[in-house]
Structure formats: C-alpha cells, structure tokens
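Architecture at a glance
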There are 2 protein chains.
Amino acid sequence: MKEISGGVCAPKGFLAGGIRCGIKESSPKNDLALVYSQKPCAAAAMFTQNKVKAACVTLTQENIAGGKIRAVIANSGNANACTGDDGMKAARRMAHLAADALSLDPKEVAVASTGVIGVAFPITKIENNIGVLKDSLRSDGQGHSDALSAIMTTDTRKKEIAVEISIDGKPVRIGAMAKGSGMIHPNMATMLCFITTDAAIEAGVLDSILRRAVKKSFNRLTVDGDTSTNDMVVIMANSEAGNRSIKSNEEGSDFKIFSDALEYVCIALARMMARDGEGATKLVTVTVTGAADEQSAETLAKSAASSNLVKTACFGADANWGRVLCALGYAKADFTPEKTDVSFKSRQGEIQVCKNGQPVSFSEETAKKILSCDEIEILISLKDGKGEASVWGCDLTYDYVKINGDYRS
Amino acid sequence: MKEISGGVCAPKGFLAGGIRCGIKESSPKNDLALVYSQKPCAAAAMFTQNKVKAACVTLTQENIAGGKIRAVIANSGNANACTGDDGMKAARRMAHLAADALSLDPKEVAVASTGVIGVAFPITKIENNIGVLKDSLRSDGQGHSDALSAIMTTDTRKKEIAVEISIDGKPVRIGAMAKGSGMIHPNMATMLCFITTDAAIEAGVLDSILRRAVKKSFNRLTVDGDTSTNDMVVIMANSEAGNRSIKSNEEGSDFKIFSDALEYVCIALARMMARDGEGATKLVTVTVTGAADEQSAETLAKSAASSNLVKTACFGADANWGRVLCALGYAKADFTPEKTDVSFKSRQGEIQVCKNGQPVSFSEETAKKILSCDEIEILISLKDGKGEASVWGCDLTYDYVKINGDYRS
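These numbers were taken from a predicted model, which means no experiment stands behind them.

Another aspect to go through is the sheet that holds strand 15 (residues 375–381) of chain B. All names here are of chain B. If you trace the 6 strands from one edge of the open sheet to the other, you get 14-13-12-15-11-16, paired in mixed fashion. One side of each edge strand has no neighbouring strand; the edge strands of this open sheet are strand 14 (358–359) and strand 16 (387–394). Note that strand 12 (residues 341–346) and strand 13 (residues 349–355) share 5 bridges and pair antiparallel. In the sheet register, Lys345 faces strand 13, and the bridge partner there is Glu350. Across the face of the sheet, helix 7 (residues 253–275) comes into contact with strand 11 (283–291), strand 15 and strand 16 while running at roughly 40° to strand 16.

Structure below.
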C-alpha cells in the first residue's frame, strides 16, 4: 500500500468541485461541494446515532438503502437540523438539484450538511448556484481541494488521504476527505467523511467493511463528548479499477487487502480530526491493553480520553495520572485498580507513573518533557486479559472555550 | 422552617474545629477538620460510585455499617486515593487518632480526604497535630467555620447552611457544610458534605431519608462530568432536640417535615457547588418537564447540563438552543424532538427559542441579556408525560482550563 495524492479524485472516474454560494454569509470561503462518479456505484454509509437527526441524514438514510449513491452534495454553514418540514423539503430539493444537474436519479444522491443547528435552510442559494457547482467539477486534485474546503467549518487543517493497493494484479485506489473539529465523540459526531474507490465490490460487502473500519476509527475518536445531529460517512465504489469483484470472505486476500486499506484511511482521518479538535494543541492517544475484552478496552480508553480533567492535565503537561485512574473508575467496564499500570509516552520517551494502582517515583521533569510534545500517548495496562483498543482525543484548552463561547455570532 | 447561622454547630451538642497541620505544604490554609457530637449518634452516609475508591471511603463504609458514627475527621491536600496498603493503614490510623483524642471507639469515626490522587499520605502530620485539632473544637459558628475552611480545595466560596424546624413542638436543627468545586458529576464527585442534626431518629430511617435527599440534590449536580474517588456525605443525629423519635412512615408529618428540611439543605448546598464550579461564572439550572417519567427527565437534563458545547454557549451568553437539542438527542432516554420546546430564563426575563423542535423568531438582544445573568435557567418541555427534574451545573470557561491545566504544581 502506498499513499498517493489527489484525495477523492485519485480513484479513476471520480470528479469533485466546490464553490461559494453564500450560505456562510460573511465568509469568503467555499460552502458547497459536489463529489461525483462518472459510472454507477455500489455505495454504503453510516450515520449519527443522535435521536435529533438533520434532514439530510434522514434523506440520505433513505437513499443509501438502494446501495447506489454515486454523487454527494454537501454544504457547510447550516446544518439543516431542527428545521422541521421545510428542512426536509430543502434536503429533498438539494438532492433533486444535484440529480438534475448530473442526469441522475435523486436516489443516487447523498446530501450532507454541517453548521449551525436550528436556522432555516437557505435552499435558494443552492438553486441559484447549482450550475456553477456542476461546472466546478474536475478530475484532478484541485477538484478535491475545492470540495474539501467547502465542507470545513472550524477545521484548521485539511483532512485528506488517498492510497493505492493492488488487488488481482490491478491498482485499486481509495481517496477520502473529512471534516470535523468540534462536537466530536465516539459514534460519529459533527464529522463528514466522503470516500471514493475504484474497486469493484458488492454494496453489501462494502457496507460490512465500512462498518468494521468506522468502529475502529471514527467511533474511537473524542473531542468534546458531544455527538452531533449531522454525522455521515459515505463510500462510493465504481468498479473502474477492473479488479475481480471483492467477495464477502474474511479469509480472502482481496477482502483483507481492501479492508485493511480502508481501515488505514479511516484511522488516518480520525487521527487528523483529533489533532485538529477545536482549540487542541495536542493529539492524545489513549491505549488500553490487557482488558478482559476489546469492548472493555475501548470503553475504558474512551472514558480517560473524554475526561475534561485528563484533557486539561494534557494541556498543562501535568503527569496527573490519578485523574486517569479516576476516569477509568467511573467508566462502565470492569477492571482491577490494584493491577493497573499507567505510562506516558511521546517522541521524547516513555515514563511509568503508576504501577499496580499505586504511585512509582518518577522524574517530574522528564514527565513534563514527554507531555509537552504535540503527540502524546497514555498507556494503560490492566493485566486482566487480551482486550486492547486505542482511542484518539485531544487536550482541552482556552481556545476550545473561546471557539465555542461564541460560535453562532 | 427558617434558616439560622452556625452551620454544623447549630444543632445542640455538636462541636467542630479546624487547623493547619501542613498537608497543604505551601499553603497557609487550614487542612484538617473535626466534627464531633458530645452524645452518641444515629448516622448514615453515602459514597462515590467510582470503582477507584480512596482508602478513607473504604474505611468509612466499614464504620458506617454500625450506624453509630459520631465524629468526622477530614483533611484536604491529599485524597489518600491510589495509595495502596499504606494508604489504608493511614486511614485506619487517622480514625484511631481521632477516637483516642475523643475517647471513642474507632468505629464511631468517619474519615474523609480530598486533594491530589496518588501521593503517599502524610499521616505523621496528623499524628503530630491531633491534640491541637481536638483543642480547636468549639460549639459556636467559629468552630464550624474553622472546620469548613479546612476541607476546601479549589472552592472559592463557603458552602454552609443551617435550618430550624419544629417537630413534636420541639425546635429541631439541621446544620451542614460541604466542599466541592471540580471533579463533580451526578453520583457524587469530589464533594464532601457533613451534616449534623439534633433530631431523634433511627439510623435506618435516617439512611432512607438521606438517600432520597441526595438523589434529588447532589446526584443532580454536574460540573465537569468527572466522578471522583473520594465523595462522601455523612449525617449524624444525636437526639438532643428531645423530639419523639422520627419513624419510617412517609405519611407521618414528622417524617415529612424532617425529610423536606434535609432535602432543602442538600439542594441549597448542591446549588452552591454548581455556582462555585471550577472557573464558573454562572449557575445553570436545566429543568426538564413533561418527560415520560422522572428518571428520563433527570437523564435528559443531565445530558444538557453536562455538554461542553452547551456550557461554553452559556459562558458566551449565546442562545444556541440547537446544542441543547443535540445534547438531549444523545442522552440515553426517549423523547420526541418534534414536540420539544426550549426557553431561556433568568431574572432578566424568559424567552422561548424553540417550539416543537423548530426555531421560533426571537430577539437575540433580549436572549443575550437573559443569558448574561449569573443565574440562568434552561427550560425544556417535552409534552410526553408528567416526569420532571432539575439539574444544576455551570458554564465552561477559560478559568476551568487554567485551574485544571496545572493542578498538582
């Protein structure tokens, strides 16, 4: 597997584009994106678990049922959530506009939105600009970049990746873009992720591979514990690579190669999102090993990564491991405090701070140096079993408060 | 019922005192407290649900089983948590030292600690000062104040209250002190609360009344979602008021008068803690009405009060009700988004911002004015049933990050 450039336009037969249509009124930034496959696709998607779902989520859930999505239209600046019947009409209109422009069935279009909740959706701005949006489609990296910039909100970095693998002797590509900075918590929260691939694969197989990859990546990501109303991951596969179709066989090497590559792509994007968490200065990876099972490991790691007190300690480079143990203690998973070890690690080294639930003497100076890096790891060993999991989060900073204390205005 | 002064020393027969013994090394503040009843008591207590429990919690859980606690020794500056066998020995020693000084059985002593986790407990500082501590005992408000100042950590305000009620024609008093500022979340988190009363009441009855009051007060409090290792509420009743003993009869007026008064005391302290949440500038009360049942109302209210995004919006006086709906949506309780109303309220007035899950037009200026008060309410009406609950929380501010980014040093 090798990383390549081009994002969602890297796989054969995909175009992308992005424009400014004025949904973000006061901003000069792009706010409307389109990703499109020239050929029919197999498709799969996953959505927020929040009971309050944006209209676009409800609509795309309907459309994905057919497994044939081949275009995504997405906007930033307005979430089209808590907008009632008018919001639902706007989401349907958005799908129709894209379908008409691309000569597709509206059921082949996924609609995604991100932005403020509870503000009427300005569908006329999309109506007035759908032609310009279609004309912005390109098959190169610029098309990808224009689309990506149109889905960013408080993101400060672009989240993008593309890889090439070989299946059946044919080069197969996977490309992806994502947005997500705040309102992020396991089970997919204000994040959008659009993935393209030229692999030949059945929709059902694609769906199961996507679920597996999301479970190990985006669902192990936490920024602020808030699960949003709009999250969506969509993958479209258009068969242009010409490989023999990937079958549902976990033992098969085609399946494994593709599955591993998709997991790699999703984990890379999840880490980028954690690192770019609102106000974050550090990517914090919490790894639990020796748990009774993988689910316990994940639950415990999430609890530590989500704790405001652990997150502020990371910000302050304070080796306050007591807060880590405390956060494990209130997680809904079993472990034995008296067997628990904790270490901190970064490129500056590794230091053990707790052994069998008790303090070990350590150099505060060394710990501070380790925790002052922009990527740090909290390693927790439970000695109970073989379950392990890593969760990605970030520190809690002044800037998080600043960004979110005045978001709407 | 009337409020009176004197705190835990208001009820007859109780003494309190506090000194500095040096556990908080660099601080001139008190760090060791004692509360003592001259007569035997019926007692009840509740403790943290965290799996990682401080040694003092384990010890006091043992001692309260007898229902006869009549003294509490408490320190700040060291939580005696994650301190292994030595920590447990230190907690036992602390009970023995207090018992010897007061000529009690060690099983009549509750031990409480608060402060940093995972640092060896400096028991010799208590050994060296137990006589001074005993000599600090007083029966007046000064004794109460000295003790209260010794259990405070990042608290910026004293949490204290005393009330007088009439039972059986006799004046009966309840006095209380509490500490708690950070690491606070429903199910009792880094909070200590010591309550005294001169009521005559059986230990079993006292226990059930305490559980009821805590459920409606401290367990509906959230500052940062972190449940601590050390939480403890202890109530001691010494019968000095001379009333006929309160029986376990929810219909009985004695029971109801005492129960209501204890609930009043606990809710008052819970509100004081929320208001003094680390870095908080505002007390935020979230009230859910019309839920399917009381438990659903509490779960939903807690979710909104705990959301970092709702908390930062409160800090910024931003009427971002979409975040409120979003937080309800990921709570583990049912409701119908399309029937949900949201209003904001304070002494500046009340304004509806969401009706049936959709925006209503409102004056941003008025909303800002309402949300700029230091006590604000978020009112959520679900129209599903008769369940209702209020939860107390606070805003999330720069100072929360500052206080917790560098706690240990």
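So that's the structure; there's more coming.
All names here are of chain A. What the 4 strands build is an open sheet, ordered 2-3-5-6; its pairing is mixed. Here the strands that pair on one side only, and so sit at the sheet edges, are strand 2 (14–19) and strand 6 (109–116). Here the average twist between neighbouring strands, direction ignored, is 10°. Relative to strand 3 (residues 32–37), strand 2 runs antiparallel, the two being bridged by 6 bridges. Counted as the bridge partner of Ala16 is Val35 from strand 3. Against the sheet, helix 2 (residues 84–102) makes contact with strand 3, strand 5 (71–78) and strand 6, and its axis sits at roughly 130° relative to strand 6, the strand it touches most.

Counting 104 residues, the largest nonpolar core has A:Ile73, A:Ile126 and B:Ile378 as the members making the most contacts within it. Element by element, the count of residues in this core is highest for helix 2 of chain A, at 10 residues. When near neighbours in sequence (up to four residues on either side) are disregarded, A:Ile73 contacts A:Leu32, A:Ala33, A:Leu34, A:Met94, A:Ala98, A:Val109, A:Ala110, A:Val111, A:Ala112, A:Ile126, A:Ile130 and A:Leu133. Core analysis: the next-biggest nonpolar cluster, separate from the first, contains 101 residues, A:Val342, B:Ala90, B:Met94 and B:Leu148 among them.

Attention now goes to the relation of the copies chain A and chain B. Under the fitted operation, chain A is carried onto chain B by 0.0 Å of movement along the axis and a turn of 180°, and the coordinates agree to an RMSD of 0.0 Å. Expressed as an axis order, the relation between the two copies is that of a two-fold axis. Rotation axis and chain A: the residue whose C-alpha lies nearest the axis is A:Tyr398, separated from it by 2.5 Å. Mapped onto chain B, 100% of the interface residues of chain A are again interface residues, and the two copies thus contact each other with one and the same surface.

We now examine the pairing of strand 2 of chain A. Here strand 2 of chain A lies mainly inside the structure; 6 of its 6 residues are buried. What you see with strand 2 of chain A is no split at all: A:Phe14, A:Ala16 and A:Gly18 on one side and A:Leu15, A:Gly17 and A:Ile19 on the other are buried throughout.

Attention now goes to the side chain of B:Lys159. Residue and element names in this part refer to chain B. One can find Lys159 in strand 7 (residues 159–167). For Lys159, the side chain forms a polar contact with the main-chain oxygen of Gly180, separated by 3.3 Å. Apart from residues lying up to four places away in sequence, Lys159 is in contact with Leu148, Ala176, Met177, Ala178, Gly180, Leu269, Met272, Met273 and Asp276.

Turning our attention to the interface of chain A and chain B. Accessible area lost upon the coming together of the parts is a frequently used measure of interface size. Each partner contributes residues to the interface: chain A has 55 residues there, and chain B has 55 residues. When the two sides are added together, the surface that chain A and chain B hide from each other amounts to roughly 4,500 Å², 56% of it contributed by carbon and sulfur. For the interface between chain A and chain B, the tally reads 0 salt bridges. On the surface where chain A and chain B come into contact, there are 9 residue pairs in polar contact (both at pLDDT 80 or more). The set of elements that each furnish at least two residues to the side of chain A that touches chain B consists of helix 2, helix 9 (308–315), helix 10 (321–329), strand 14 (358–359), helix 11 (364–371) and helix 12 (398–405) of chain A.

Moving on: the pattern of salt bridges. The final tally for this structure, using the stated rule, is 50 salt bridges over all chains. A salt bridge links A:Asp341 to A:Lys383; the shortest N-O distance between them is 2.9 Å. A residue pair is termed long-range when its members are at least 10 positions apart, and A:Asp341 in strand 12 (residues 341–346) and A:Lys383 in the loop between strand 15 (375–381) and strand 16 (387–394) qualify at 42 residues. The exposure class of A:Lys383 is partly exposed, given its relative accessible area of 39%. The closest approach of N and O atoms between B:Glu298 and B:Lys215, which form a salt bridge, is 3.7 Å. Residue B:Glu298 is found in helix 8 (residues 294–306), and its partner B:Lys215 is found in helix 6 (residues 203–215); the two are separated by 83 residues along the sequence.

Take the environment of B:Gln142 next. Within the element layout of this structure, B:Gln142 appears in helix 5 (residues 141–151). Among the residues examined, B:Gln142 registers a relative accessible area of 40% and is labelled partly exposed.

Residues and elements named next belong to chain B. For Arg347, the location among the structural elements is in the loop between strand 12 and strand 13. Along the backbone, Arg347 and Ile370 are 23 residues apart, and their C-alpha atoms lie at a distance of 7.3 Å. Every residue in contact with Arg347, bar those within four places of it in the chain, is listed here: Cys373 and Asp374. Of note is the side chain of Arg347, whose polar atom sits 3.2 Å from the side chain of Asp374.

For the rest of this paragraph, the subject is helix 5 of chain B. Residues separated by three or four positions in an α-helix point in the same direction, a consequence of the helix having 3.6 residues per turn. Counting buried residues in helix 5 of chain B gives 8 out of 11 residues, a clear majority hidden from the surface. Listing the buried residues of helix 5 of chain B in full gives B:Gly143, B:His144, B:Ser145, B:Asp146, B:Ala147, B:Leu148, B:Ala150 and B:Ile151.

Helix packing geometry: the angle between the two helix axes and the distance between the axes. All names here are of chain B. Between helix 6 and helix 7, whose axes approach to 9 Å, the crossing angle comes to 45°. In terms of orientation, helix 6 lies oblique with respect to helix 7. Read as a crossing pair, helix 6 and helix 7 show a hand that is right-handed. Seen from helix 6, the contacting residues are Val205, Leu206, Ile209, Leu210, Arg212 and Ala213; seen from helix 7, they are Phe255, Phe258, Ser259, Leu262, Glu263 and Cys266. The residue inventory of the contact of helix 6 with helix 7, partitioned by class, reads 9 nonpolar, 1 polar and 2 charged.

Rules behind the numbers
- Residues numbered from 1 in each chain as written.
- Chains lettered and ligands numbered in written order.
- Predicted model: local features only at pLDDT ≥ 70, side-chain atom pairs only at ≥ 80, totals over all residues.
- Heavy atoms only, no water.
- Pairing = 2+ DSSP bridges.
- Helix = DSSP H or I, 4+ residues; strand = E, 2+ residues; numbered from the N terminus.
- Contact = heavy atoms within 4.5 Å.
- Axes fitted to C-alpha atoms, helices over the stretch in contact; angles between N-to-C directions.
- Core = buried A, V, L, I, M, F, W, Y, C linked by side-chain atoms within 4.5 Å.
- Buried < 20%, exposed > 50% of the residue type's maximum accessible area, 1.4 Å probe, protein only.
- Least-squares fit on C-alpha atoms with pLDDT ≥ 70 in both.
- Polar contact = N/O pair within 3.5 Å; in protein donor to acceptor, adjacent residues only side chain to side chain.
- Buried area = accessible area lost by both parts, 1.4 Å probe.
- Salt bridge = Lys/Arg side-chain N within 4 Å of Asp/Glu carboxyl O.
- Parallel < 35°, antiparallel > 145°, perpendicular 65-115°, else oblique.
- Left-handed = near helix turned anticlockwise from the far one by under 90°.
- Nonpolar A, V, L, I, M, F, W, Y, C, P; charged D, E, K, R; others polar.

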